[in-house]
Each structure stands twice: as C-alpha cells, then as structure tokens.
2 protein chains.
Amino acid sequence: MSDQPSAADEIMDGVYHALRARGYADLTMQDIADECSKSKSLLHYHYDTKEDLLVAFLDRVITDSERRIAAHADDPPAERLAGFIGWFVFEPGAVDREAFHIALLELRTQGPFNEPIRRQLARSDRLLRGTVVDILESGIEEGVFRDVDVEETAALLVATLDGARTRQITLSRGANAAEGDESNAGGIDPGLNDDAPGTAASADRPEPTYTRAVAEATFRRIVEPLLAEGAEPPSLEAGIGAMTPVDEHDAE
Amino acid sequence: MSDQPSAADEIMDGVYHALRARGYADLTMQDIADECSKSKSLLHYHYDTKEDLLVAFLDRVITDSERRIAAHADDPPAERLAGFIGWFVFEPGAVDREAFHIALLELRTQGPFNEPIRRQLARSDRLLRGTVVDILESGIEEGVFRDVDVEETAALLVATLDGARTRQITLSRGANAAEGDESNAGGIDPGLNDDAPGTAASADRPEPTYTRAVAEATFRRIVEPLLAEGAEPPSLEAGIGAMTPVDEHDAE
C-alpha cells in the first residue's frame, strides 16, 4: 500500500470527524464532504446514500478492530484478557473518544430498523464474544484459566464492558460541561444521597470513571475467580492502552 | 386521585406510544398530539418544547421506577436482588418493550448535549445503583450476603444488566424481521463461525435472549459467590416478572 491515503480512506476519516463533531442523527452528506474536503457529488459517486456510507464506515471500524485483535493473538491469554478489558476503559477527559462513541451508540439504535447496520452490529458482537471465547479457550488449554463455560463468560464480559461504556458516555457532562464543573465528567457520581456533604477524603480522591470502576470490579469479581490455582493475575494497568483504540488512532 | 386520567397522564401515555412507534430522533410534537388525541397547542400550553416534554416523561418513568422499587423494599434481600436482575430480562417477542427501550436509548445519547436530560439520567443511575447498594446492605446485615464492597458490586451489576439490554435491543431484528426469520430475534447469535451448520440440538433448543443469557450468567458468576454460607440461592424465574416493568404496565 502506498503512503498516499486513498479517496476511501479520506472519506472514512471525514465520517469519523463528522460523527465526532455532530453525532449521527443530524449528520448530512455535506457535513462529511466538508470534513474531508471532498465534494458532495464525489461522495455520492462512491456511496449512493448516507446509510451506505455509514455501513461502509462501520465495516471499516470493525475490520480495524479485527486487525487489532489479530495482532495480539499470540500474546499470553491472561495478558490478552487484560488488554480486552482495558480496551473499554475511558480515562477522564477522553472527550473525543466519548463523542465518537456517543455517535456510534446513536448509530446502534438504528439496528432494528436497518438490516445492513444490524448485520454489522451482529458481526461486531460475534467478533467481541468470539475473541473472549478464543482467549479463554487458549488459557484453559494452557492451564492458566479454570475450565469455565466460555460462551457464558464471554457474553457476561462483553455485556458488562459495553454497559459501563454506555453509562459513562451517556452520563458524561461532555459537551455541556460548565467551566470548573468537569471534575467528575464521565465518573461515577458518588451522590447516592444528594444531601450528604462530600467528605474531604472523597474530594481529594476523584471518583474513577464508570468504565474504570467497572473494569476494576470485573477484574476482582469475574477475572480473578477464573484464574487457575497459582496463575499470576494479569494487570489492568498493563491492559489499558495495550490495544490502541481505533478512535484514538484516528484522532489527530 | 380520581379514576379520570389527568391531561398530564394522557399526554405522557401519548409520549410513550409515540416513542415506541417512531423512536426519538424524528419525533414531533404533532406525533405526540396524535397519539393522545390532544391538540398540538394544548401540548405547547403545558410544555414549551419537545425537550421539556421528554424531560417530564423521563421524570415520570424514573418516578414510576422509584415507586416500583419502594413497593418491594421490605421483601427478603435475596428475592429483591433476583427481582432487580429479572427486571432487565426481555423475553423473546417482547417487541413493544424493545421498541420503547430503543427510543429511550436514543434519548440517552442526548445526555452529553442536554443538561436537563443528563440530570434525569444521573438520577436514574443513582436510583439503580442505590437500590442495589440498599439490597446488599440489608442482606449483609441479615447475614444472607457476604461482606462485599457494595458500591463496586452495584456498579458492576448495573453496568452488566444495562449492557445486556443495550445489546439485545440494538441487535434485535425487531422492526425489520422477515417472516419466518424471527426465531432468534433479540437472542444471542450462536454463529461465531458463520460457516458452521447449526446442529440438530441447537435447532431444537433456541438460544436464550441476550438479557436472559447474561442474567443467568450474572446469577452464577456474581450473585452466587455473594451468598453467605448456607444461604438459599434466589430464583431468577421468580425474579422475572416480580417487578412489572413500567413499559409493560403502560402498554395496552
């Protein structure tokens, strides 16, 4: 492949930036054309409709994830599992990443109404669960994990990580954060009782983001009981950033 | 309260039916007016904007959940936990319930851009996590649960159940199901390998829905390890339907 980006690459970058900036619902072909400095007619030459373009974009995001996962296929299973879980951790201030995933979540709400989108979502689901199944089977074979129900564990882990991400991005102050009001953006709001004054300790120690809090809980409550006796627990810290997320890779 | 529904009740029913039928993104005040047989000007008399109306609707949905949770506050903690988990199980063919939750998910994607919506989402998050914390604290006090980190467990459970629901509704064939193609609607697609022919056994035994598969996994992998020695494991079957969901309550 040449270093020169193809027209398709440039258009896909345009979709990425337009989704991040505008979300999915109100996105127009013109917005995408503006983001990649192409004409709207060129976009329509390659893709009949906005929907075709977004399905092609989903296809590319998932293909990128496939490559990223494949690149780690020979890593030790416990490290791969930590990398998979760490992949879903959004650290505080990951505003661009959150904006992109909000747009993807909007796109996902179209699944029941749009068969080509639904098919991409089903493919992504098979990829994610299949990856966890593969990691667990390798680990069981190598004696690192106990002989658990791999399909059940995969469905549980994928649902948990997806749920944490959905809650973080939808609860985030993100776009409407007031100045000086961002300390808990994307974090778990500790205010189960709104009347309780914050303690000095909690003010000193900001709440973790929702994704991090759930990833830590997942390590303790789901991953550690998976480990065979004597197996070294993997490190979440090492797992975070092991798989550069597609959105951060693409971000300027 | 009288048996006669108030104008506000009728309008909220209209929002519910309009969301289920049309989703959130393209919803107009006229659609809502049509669903509740009111004039658009009456709607605008009560609510300045569509956004105000939807925030009022979210407020009502969450208040209804608060009441539903409060009605079970004195049940035994293990049963309450089973009821909470069962609440998130969408059985096969729950088309109306899925359609409503797809619209709610669309609405949730507006959180980062709309502070009144985000505040309702944060309130819902506190309600859900706070309910699990309350259940766990009661159970620990009564000696039914082990002395676990209740905040961590609550965040883990809520993320897991929300993720399962999000995956079920977005992956569902729902609105675009072809005739004879609904056998796995909302279910976990077993086709991790698309080339593998289905076995007779899997054809006889349909895959559980995503929410049910994850609820069962949650029972085995998160709830059972919570139980104090000798405590009776609660029943997921009993938990399903213990808390009539707000959307089924409102459905005709």
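Residues numbered from 1 in each chain as written. Chains lettered and ligands numbered in written order. Predicted model: local features only at pLDDT ≥ 70, side-chain atom pairs only at ≥ 80, totals over all residues. Heavy atoms only, no water.

Going by an unreviewed UniProt entry, chain A carries the name TetR family transcriptional regulator and comes from Halorubrum saccharovorum.

Peer 1: What's the story with the overall build of chain A in this structure? I'm lost.
Peer 2: Secondary structure summary: chain A contains 12 helices and 0 strands in total. Along chain A, from the amino end to the carboxyl end, the secondary structure elements read α-α-α-α-α-α-α-α-α-α-α-α. As displayed, chain A offers around 11500 Å² of accessible surface, 47% of which is attributable to carbon and sulfur atoms. (Helix = DSSP H or I, 4+ residues; strand = E, 2+ residues; numbered from the N terminus. Areas by Shrake-Rupley, 256 points an atom, 1.4 Å probe, with all protein chains shown as cover.)

Peer 1: How should the pattern of salt bridges be read in this particular structure?
Peer 2: For side chains bearing opposite charge, pairing can occur when the charged atoms are close. A complete count under the given rule lists 40 salt bridges over all chains for this structure. Across the pair Arg118 of chain A and Glu115 of chain A runs a salt bridge whose closest N-O atoms are separated by 3.1 Å. Taken together, the residues Arg118 of chain A and Glu115 of chain A, both in helix H7 (residues 115-141) and 3 residues apart, mark about one turn of the helix. Residue Arg118 of chain A is classed as buried on the basis of its relative accessible area of 6%. Of the charged contacts, one joins Arg212 of chain B and Glu91 of chain B as a salt bridge, the two residues approaching to 2.7 Å between their closest N and O atoms. In this pair, Arg212 of chain B is assigned in helix H10 (residues 210-223) and Glu91 of chain B in the loop between helix H5 (77-86) and helix H6 (95-108), connecting sequence segments 121 residues apart. (Salt bridge = Lys/Arg side-chain N within 4 Å of Asp/Glu carboxyl O. Buried < 20%, exposed > 50% of the residue type's maximum accessible area, 1.4 Å probe, protein only.)

Peer 1: How do you make sense of the interface of chain A and chain B when you look at a structure like this?
Peer 2: The figure often quoted for interface size is the accessible area lost as the parts come together. Contacts between the two partners involve 57 residues from chain A and, on the opposite side, 57 residues from chain B. Of the roughly 4900 Å² buried between chain A and chain B on both sides combined, carbon and sulfur atoms contribute 55%. Taken together, the connections running from chain A to chain B amount to 8 salt bridges. Glu152 of chain A is the partner of Arg221 of chain B in a salt bridge, and the nearest nitrogen-oxygen pair spans 3.3 Å. Between chain A and chain B we count 17 residue pairs in polar contact (both at pLDDT 80 or more) in total. (Contact = heavy atoms within 4.5 Å. Buried area = accessible area lost by both parts, 1.4 Å probe. Polar contact = N/O pair within 3.5 Å; in protein donor to acceptor, adjacent residues only side chain to side chain.)

Peer 1: Any chance you could explain the environment of Val133 of chain B here in plain terms?
Peer 2: Mapped onto the secondary structure, Val133 of chain B falls in helix H7 (residues 115-141). On a C-alpha basis, the gap between Val133 of chain B and Val150 of chain B in space is 5.4 Å, while along the polypeptide they are 17 residues apart.

Peer 1: Looking at this model, I keep getting lost on the relation of the copies chain A and chain B. Mind explaining?
Peer 2: Mapping one chain copy onto the other needs a rotation about an axis and a shift along that axis. In the superposition of chain A on chain B (RMSD 0.0 Å, axial shift 0.0 Å), the rotation amounts to 180°. What the superposition gives is, in effect, a two-fold axis relating one chain to the other. (Least-squares fit on C-alpha atoms with pLDDT ≥ 70 in both.)

Peer 1: Sorry if this is basic, but what is going on with helix H8 (residues 150-171) of chain B here?
Peer 2: In an α-helix, one full turn covers 3.6 residues, which means residues spaced three or four apart are oriented alike. Compared with an ideal rise of 1.5 Å per residue, which puts 22 residues at 32 Å, H8 of chain B spans 31 Å between its outermost C-alpha atoms and is within 8% of the ideal. In terms of residue burial, H8 of chain B counts as a mostly covered element, since 21 of its 22 residues are buried. (Expected span 1.5 Å × (residues − 1).)

Peer 1: Looking at this structure, how should I read the packing of aromatic side chains?
Peer 2: Any two aromatic rings considered together are summarised by their centre-to-centre distance and by the angle between their planes. Here the structure, examined in full by the defined rule, presents 10 aromatic pairs over all chains. Taken together, a centroid distance of 6.1 Å and an interplanar angle of 65° make the contact between Phe84 of chain B and Trp87 of chain B edge-to-face. Neither Phe84 of chain B nor Trp87 of chain B differs from the other in exposure class; each is buried. Each ring, one from Trp87 of chain B and one from Phe88 of chain B, has its centre 6.2 Å from the other, and the planes form 75°; the classification is edge-to-face. Among the aromatic residues, those joined into a ring-pair cluster are Tyr16, Phe57 and Phe100 of chain A. Lying across the ring of Phe90 of chain A, Arg97 of chain A places its NZ or CZ 4.0 Å from the centre. (Phe/Tyr/Trp six-rings, centres within 6.5 Å; stacked < 30°, edge-to-face > 60°. Lys NZ or Arg CZ within 6 Å of the ring centre and 35° of its normal.)

Peer 1: Please explain the side chain of Thr209 of chain A as it appears in this structure.
Peer 2: All names here are of chain A. Following the sequence through the fold, Thr209 ends up in the loop between helix H9 (200-204) and helix H10 (210-223). Within the structure, Thr209 has its side chain in polar contact with the side chain of Thr211 (distance 3.2 Å). Beyond its immediate chain neighbours, meaning those up to four positions away, Thr209 contacts Phe90, Glu91, Pro92, Gln168, Gly186, Gly187 and Ile188.

Peer 1: Mind showing me how you'd approach H10 of chain A here?
Peer 2: All names here are of chain A. Over its 14 residues, H10 extends 18 Å from the first C-alpha to the last, a length consistent with the 20 Å expected when each residue adds 1.5 Å. The buried fraction of H10 amounts to 12 of the 14 residues, a majority that puts the element mostly inside the structure. For H10, the complete set of buried residues consists of Tyr210, Thr211, Arg212, Ala213, Val214, Ala215, Ala217, Thr218, Phe219, Arg221, Ile222 and Val223.

Peer 1: Can you help me understand the environment of Ile32 of chain B in this one?
Peer 2: Residues and elements named next belong to chain B. One can find Ile32 in helix H2 (residues 29-36). Overall, Ile32 belongs to the buried group, its relative accessible area being 0%. Each C-alpha atom of the pair Ile32 and Lys50 lies 9.4 Å from the other, and the pair is 18 residues apart in sequence. With residues up to four places along the chain from it excluded, the contact list for Ile32 reads Ile11, Gly14, Val15, Ala18, Leu27, Leu43 and Leu53.

Peer 1: Just checking my understanding: could you explain a negative patch on the surface for this structure?
Peer 2: Negative charge collects at one region of the surface, where Glu137, Glu141, Glu142, Asp149 and Glu151 of chain A lie side by side. A residue is classified by how much of its surface remains accessible, and Glu137 of chain A, at 42% relative accessible area, is partly exposed. (Patch = residues over 30% accessible without salt bridge, like charges linked within 9 Å, V, L, I, M, F, W, Y side chains within 5 Å. Lys, Arg positive; Asp, Glu negative; His and termini not counted. Charge placed at Lys NZ, Arg CZ, Asp CG, Glu CD.)

Peer 1: How do you make sense of the packing of H7 of chain A against helix H8 (residues 150-171) of chain A when you look at a structure like this?
Peer 2: Any two packed helices are characterised by how steeply their axes cross, that is the angle between the axes, and by the distance between the axes. All names here are of chain A. At a minimum axis separation of 8 Å, H7 and H8 run at an interaxial angle of 130°. Classified by the interaxial angle, the pair formed by H7 and H8 is oblique. Like other packed secondary-structure pairs, H7 and H8 cross with a definite hand, here right-handed. Facing Leu128, Arg129, Val132, Val133, Leu136, Glu137 and Ile140 of H7, the residues of H8 in contact are Val150, Glu151, Thr153, Ala154, Ala155, Leu157 and Val158. Classifying every residue of the contact of H7 with H8 gives 10 nonpolar, 1 polar and 3 charged. (Axes fitted to C-alpha atoms, helices over the stretch in contact; angles between N-to-C directions. Parallel < 35°, antiparallel > 145°, perpendicular 65-115°, else oblique. Left-handed = near helix turned anticlockwise from the far one by under 90°. Nonpolar A, V, L, I, M, F, W, Y, C, P; charged D, E, K, R; others polar.)

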